[in-house]
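Each chain, letter by letter, is given below.
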Amino acid sequence: RIIALAPHIVENIYSAGAGDKIVGAVSYSNYPPGATNIPIVGGYHAFSLEKIASLRPDLVITWAEGNAEEAAKPFTSLGIPVYIDEPRKLADVATSVRNIGLLSGTAKQANATADQFMATLSSLQQRFSDTEPVTVFYQVWNKPLQTINHEHIISSVIELCGGKNIYNDTPVIAPKISLESVIHRNPQAIVASGMDEARPEWLDEWRAYPQLSAVVNQNLFFIPPDILQRHTIRLLQGAEAMCNKLQKAREKQVKGATL
């Protein structure tokens, strides 16, 4: 009986073949479709310890980055085993799935899923390992203007595709930044994901700054958040989308250089 305290954890439990063992999840746990039937114990920032205890879990899986600080302590004090999930690099997703399978008794399916993930990842690495770099601004949100640094898994996706995150050097994993800073760093591509499947209107607000290389070359790209902002097997769908978009930006650079 498993409690999953982040939407991506729910998805990875299903990928590990243990979806039928989940007895509690948090808000926005909407994939795969069956996950919407799982009882909700709160949000990943604020969950009900009392409700979780009433579900008699054998295991609670928390998210080190997203859950409240020291979220594991209340469960360990109640004698409930806790696994803390913290994928920072792409290969960590496969490790998470393998570990969940080991803990859930579904190691065979989990390992098969993880092996396929790693094979696809290796293929993408081979395709884009020796490409011309493209500088990228990844926009998490517009108000406040927010991005990610080198520690975030999305930065690993950018690097996989031969891109360079222009905010790799910031000390905070999801820093708030200024408009002037983006203009100064002048990315060749701007990528945003927004909150849902629709392209955020604020992505096109960058057209008001024609001095940006990304605007000059029309490299304002949208990738749906569920395949890029969640630490799951589907992240490679987001990676393929990222690689294809950065390849378009790269081809424009080469074309511009030869004119």
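Here the structure is shown first, and the text comes after it.
Keep in mind that what you see is a predicted model, and the values were worked out from it rather than measured.

So, how was this worked out
Residues numbered from 1 in each chain as written. Predicted model: local features only at pLDDT ≥ 70, side-chain atom pairs only at ≥ 80, totals over all residues. Heavy atoms only, no water. Helix = DSSP H or I, 4+ residues; strand = E, 2+ residues; numbered from the N terminus. Rg over C-alpha atoms; globule rule 2.2 N^0.38 Å. Buried < 20%, exposed > 50% of the residue type's maximum accessible area, 1.4 Å probe, protein only. Contact = heavy atoms within 4.5 Å. Areas by Shrake-Rupley, 256 points an atom, 1.4 Å probe, with all protein chains shown as cover. Lys, Arg positive; Asp, Glu negative; His and termini not counted. Charge placed at Lys NZ, Arg CZ, Asp CG, Glu CD. Salt bridge = Lys/Arg side-chain N within 4 Å of Asp/Glu carboxyl O.

S.K.: How would you explain the overall build of the protein chain if you had to name every residue and give the values?
M.R.: Counting secondary structure elements, the protein chain contains 9 helices and 8 strands. The C-alpha radius of gyration of the protein chain comes to 20 Å, within 12% of the 18 Å expected for a compact globule of 259 residues. Counting only residues that meet the buried cut, the protein chain has 49% of its 259 residues in that class. Taking contacts inside the protein chain between residues at least 6 apart in sequence as the whole, the part at least 24 apart equals 59%. Here the protein chain displays about 12,200 Å² of accessible surface, and carbon together with sulfur accounts for 53% of that area. Taking the average place of the 23 positive charges on the side chains of the protein chain and the average place of its 25 negative ones, the gap between the two points comes to 3 Å.

S.K.: I'd love a proper account of the pattern of salt bridges, names of residues and values included.
M.R.: Note that side chains of opposite charge can pair when their charged atoms are close. If you walk through the whole model with that rule in mind, you get 9 salt bridges. Across the pair Arg234 and Glu11 runs a salt bridge, and its minimum N-O distance is 2.7 Å. Placement of Arg234 in the loop between β8 (220-222) and α9 (235-258) and of Glu11 in helix α1 (residues 7-15) is noted, with a sequence separation of 223 residues between them. Each member of the pair Arg234 and Glu11 is classed as buried. With its nearest N and O atoms 3.1 Å apart, the salt bridge here joins Glu151 to Arg88. Taken together, the residues Glu151 in the loop between β5 (134-139) and α6 (153-160) and Arg88 in the loop between β4 (82-85) and α4 (90-104) connect sequence positions 63 residues apart. Judged by relative accessible area, Arg88 falls into the partly exposed class, the value being 25%. One network of salt bridges, in which partners are shared, links Glu86, Arg88 and Glu151.

Such coordinate-based values are descriptive only and should not be taken to indicate function.
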